[in-house]
Amino acid sequence: MQPIISISNLSKTYANGFEALKNVSLDVRKGEIFALLGPNGAGKTTLINIVCGLVNPGTGSVRVGGHDIVADYRKTRSMIGLVPQELSMDAFETVFATVSFSRGLFGKPSDPAHIEKVLRSLSLWDKRKDKVMTLSGGMKRRVLIAKALAHEPEILFLDEPTAGVDVELRREMWAMVRGLRDTGVTIILTTHYIEEAQEMADRVGIISKGEIILVEDKDVLMRTLGKKQLRIELREPLAAVPTSLTSHGLDLAESGGMLVSTYDASADRTGITALFRDLAREGIAIRDVETRQSTLEEIFVGLLEERA
Amino acid sequence: MNIHAVRAIYRFEMARTFRTILQSIVSPVISTALYFVVFGAAIGSRIPEIGGVSYGAFIVPGLIMMSILTLSISNASFGIYFPRFTGTIYELLSAPVSHLEIVAAYVGAAATKSVMIGLVILATAALFVPLQIEHPLVMLLFLVLTSLSFSLFGFIIGIWADGFEKLQIIPLLVVMPLAFLGGTFYSIEMLPPFWHVVSLFNPVVYLVSGFRWSFIGAADVSVWTSLGMTVVFLLGCLAVTGWMFRTGYKLKN
Ligand SMILES: Nc1ncnc2c1ncn2[C@@H]1O[C@H](COP(=O)(O)OP(=O)(O)OP(=O)(O)O)[C@@H](O)[C@H]1O
Ligand SMILES: [Mg+2]
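Nothing here was measured: the structure is a model prediction, and the numbers come from that model. (Residues numbered from 1 in each chain as written. Chains lettered and ligands numbered in written order. Predicted model: local features only at pLDDT ≥ 70, side-chain atom pairs only at ≥ 80, totals over all residues. Heavy atoms only, no water.)

## Regarding the confidence of the model for chain B
Here is step 1 of the chain: Residues with a pLDDT of 70 or more make up 100% of chain B, whose mean pLDDT is 87.
Here is step 2 of the chain: Scored as a whole, the predicted complex attains pTM 0.84, and scored at its interfaces, ipTM 0.85. (pLDDT = per-residue confidence, 0-100.)

Structural data, given as structure tokens:
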């Protein structure tokens, strides 16, 4: 299937000579949730802003729905809704007015019923007559989302949508984003919360210093790069790992009260059976056993360190 | 053509105008009234007729022009500068609207406000001096053309400015002097020959002159020259805005 967003060989150098994007190529598939992960200053916002028309592209090309973002800007931009990173909005307008304004700006005839639907889905309906400046930060963030959804876009960009949003609201937003995806909207989000990418994304792209390091299905990424840890809590602490167990690559933790084995969960033979057999042979008594999958965050930090 | 967008921006800008209606309308009315008291009544009573009309009636077109120039510039420059300042411009830049549509909406709204206020000032003036308007349609034409040109000029300033001082400095340093020296309070015929020639380089002279012609049927320069110069100024501003948008000047990185 043709990708809904196709970025090829995109580079961007800002006026001050800073090269924010280096030969970036990236395809986003229709209907997926794509999470763009990267440290501060990696170029996430620059990338999004180019696709949305806020920043002039340098070299390379960007196609949205098969149309070029420069030559066919009307087509591409009306497909896109953008929730920017900064909370900037018209403080003196009412919620309803500012969301209706966005719909008009994107070329759609007014449709109060749709605006109502959007506001209700974001729990903003009660606030519709309030001036934007009287809202809390989290509500303002939701108003920005409502503005982006006002013209029924096929693609939604969320540039750090949950920055400064409390945990409960964050979960609500995730649910809303999933609901949108279920209606066929393609979602591209950037985030610093790896937890968010892990929870939400179908695919993950990692960007660092203006380069895309990796693009992968989240599940594949977790499986291939994800190490699993087996943590064995001992009844009696050990002073050292017995020599007969060294082949298992164990580490001692918690002042000898815990044996930790790191293994590849996707391997055919994980060696766990042999490990337990050897433990029994040594007469080491086990109090408890726990396994832990490494998080996307650990994978991410690992990847960045590898390149550093 | 994204007519919904033009309408949305226009309505938004007009709503902003009506939110501040008191200060938008009251302040020009008061200042015009003051001008009439000082120049029309106090000083004007000692000045003979100019161009066959009383001094009070003579300055009406000039006063309206002066208000319109400053208002168009301040209103249009603020209209586009404010979204840049607060960051809400992101929405405009990401929307499927052409440069021309953006300009049409912002400048159209600013010009509408100017024309409205021009008419209010005209009505205020009618309370102080007996008004005659020889060519009402030409008067309206000049009112609209001037409002449009200077709103466009203001729009350019609003994009060029990167601080509130810059927003104020052009109206203060350039437009006010040009307006005062543009024959608002006198006929440039009254000037010594050298200054008369210098005045002909002042675009405001043509605006005031043409506008005055529509009132009293007499003017410093031919009404066609006035009209021509106004249109030239309008086209010049259009060209500059076109260039600004094409290059993303101060709008896009
Ligand atoms: N207008 C600009 N002029 C010059 N450099 C810029 C400009 N905008 C951004 N940059 C630089 O480009 C780099 C990428 O910035 P960008 O905002 O895209 O990062 P980001 O990945 O979104 O970071 P964050 O997670 O902090 O939002 C940064 O080093 C930034 O300093
Ligand atoms: Mg960013």
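## Considering the site of ligand 1
Residue and element names in this part refer to chain A.
Here is step 1 of the chain: Lining the immediate surroundings of ligand 1 are 16 residues, of which N40, K44, T45, T46 and Q85 lie closest.
Here is step 2 of the chain: Contact between ligand 1 and G43: an oxygen atom at 2.9 Å from a main-chain N or O atom of the residue.
Here is step 3 of the chain: Taking E160, its side chain carries an N or O atom lying 3.3 Å from an oxygen atom of ligand 1.
Here is step 4 of the chain: Contact with the protein chains removes 71% of the 630 Å² of surface that ligand 1 exposes when unbound.
Here is step 5 of the chain: For the shell around ligand 1, the per-class residue count stands at 5 nonpolar, 9 polar and 2 charged. (Near = heavy atom within 4 Å. Polar contact = N/O pair within 3.5 Å; in protein donor to acceptor, adjacent residues only side chain to side chain. Areas by Shrake-Rupley, 256 points an atom, 1.4 Å probe, with all protein chains shown as cover. Nonpolar A, V, L, I, M, F, W, Y, C, P; charged D, E, K, R; others polar.)

## Examining the coordination of the magnesium ion (ligand 2)
Here is step 1 of the chain: The coordination sphere of the magnesium ion (ligand 2) contains the protein donors A:T45 (OG1) and A:Q85 (OE1), at a distance range of 1.8 to 2.2 Å. Note that A:T45 is positioned in helix α1 (residues 44–52) and A:Q85 in the loop between β6 (80–83) and α3 (95–105), a separation of 40 residues in sequence. (Donors = N, O, S within 2.8 Å, 3.2 Å for Na, K, Ca; no water. Helix = DSSP H or I, 4+ residues; strand = E, 2+ residues; numbered from the N terminus.)

## Section: the sheet that holds strand β4 (residues 59–64) of chain A
Here is step 1 of the chain: Strand order in the open sheet made by the 4 strands is β2-β1-β4-β5 (chain A), with antiparallel pairing throughout. Only two strands of the sheet have a single partner each, and these edge strands are β2 (19–28) and β5 (67–68) of chain A. (Pairing = 2+ DSSP bridges.)

## Looking at the domain arrangement of chain A
Residues and elements named next belong to chain A.
Here is step 1 of the chain: In terms of domain boundaries, chain A breaks down into domain 1 (5–223) and domain 2 (227–307).
Here is step 2 of the chain: Taking only C-alpha atoms into account, the centre of domain 1 sits 41 Å from that of domain 2.
Here is step 3 of the chain: Carbon and sulfur atoms make up 78% of the area that domain 1 and domain 2 hide from each other, which totals about 1100 Å².
Here is step 4 of the chain: On the domain 1 side of the contact with domain 2, I194, I213 and M222 bury the most area, a combined 47% of that side's loss.
Here is step 5 of the chain: Our enumeration of links across domain 1 and domain 2 arrives at 0 salt bridges.
Here is step 6 of the chain: Here domain 1 and domain 2 share 0 residue pairs in polar contact (both at pLDDT 80 or more) between them. (Domains from an automatic or database assignment. Buried area = accessible area lost by both parts, 1.4 Å probe. Salt bridge = Lys/Arg side-chain N within 4 Å of Asp/Glu carboxyl O.)

## Section: the interface of chain A and chain B
Here is step 1 of the chain: Taken together, the 28 residues of chain A in the interface contact 25 residues of chain B.
Here is step 2 of the chain: When chain A packs against chain B, the two sides together hide about 2400 Å² of surface, and 58% of this comes from carbon and sulfur.
Here is step 3 of the chain: Together, A:L54, A:R74 and A:L105 form the three largest contributors to the area buried by chain A at its contact with chain B, with a combined 26%.
Here is step 4 of the chain: The interface formed by chain A and chain B holds 3 salt bridges in total.
Here is step 5 of the chain: The partner of A:E93 in a salt bridge is B:R19, with the nearest N and O atoms 2.9 Å apart.
Here is step 6 of the chain: Inspection of the region where chain A meets chain B yields 10 residue pairs in polar contact (both at pLDDT 80 or more). (Contact = heavy atoms within 4.5 Å.)

## What to know about the packing of aromatic side chains
Here is step 1 of the chain: Counting across every chain of the model gives 16 aromatic pairs over all chains.
Here is step 2 of the chain: Seen from their ring centres, B:F85 and B:F164 are 5.0 Å apart, and the 70° between their planes marks the pair as edge-to-face. Taken together, the residues B:F85 in helix α3 (residues 55–86) and B:F164 in helix α7 (residues 164–180) connect sequence positions 79 residues apart.
Here is step 3 of the chain: A network of ring pairs unites the aromatic residues B:F78, B:Y81, B:F82, B:F85 and B:F164 as a single cluster.
Here is step 4 of the chain: When the ring centre of A:W125 is taken as origin, the NZ or CZ atom of A:R128, which lies over that ring, is 4.0 Å away. (Phe/Tyr/Trp six-rings, centres within 6.5 Å; stacked < 30°, edge-to-face > 60°. Lys NZ or Arg CZ within 6 Å of the ring centre and 35° of its normal.)

## What to know about the environment of A:A163
Residues and elements named next belong to chain A.
Here is step 1 of the chain: Relative to the elements of secondary structure, A163 occurs in the loop between β7 (155–159) and α6 (167–182).
Here is step 2 of the chain: Take A163: its relative accessible area is 32%, and that puts it in the partly exposed class.
Here is step 3 of the chain: C-alpha separation for the pair A163 and L37, spaced 126 residues apart in sequence, amounts to 14 Å.
Here is step 4 of the chain: Excluding residues within four positions of it along the chain, A163 makes contact with R141 and Y193. (Buried < 20%, exposed > 50% of the residue type's maximum accessible area, 1.4 Å probe, protein only.)

## Observations concerning helix α10 (residues 223–247) of chain B
All names here are of chain B.
Here is step 1 of the chain: With 25 residues, α10 ought to run about 36 Å at 1.5 Å a step, and its terminal C-alpha atoms sit 36 Å apart, in line with that.
Here is step 2 of the chain: Among all positions in α10, only V223, S226, L227, T230, L234, C237, T241, M244 and F245 are buried.
Here is step 3 of the chain: On its buried face, α10 sits against α5 (99–128), α6 (136–160) and α9 (203–216).
Here is step 4 of the chain: The opening residue of α10, the one whose side-chain oxygen lies 3.0 Å from the backbone nitrogen of W224, is S222. (Expected span 1.5 Å × (residues − 1).)

## Description of the environment of B:T124
Residues and elements named next belong to chain B.
Here is step 1 of the chain: Take T124: it is sitting in helix α5.
Here is step 2 of the chain: A residue is classified by how much of its surface remains accessible, and T124, at 8% relative accessible area, is buried.
Here is step 3 of the chain: Taking C-alpha positions, T124 is 10 Å from V60, a pair spaced 64 residues apart along the chain.

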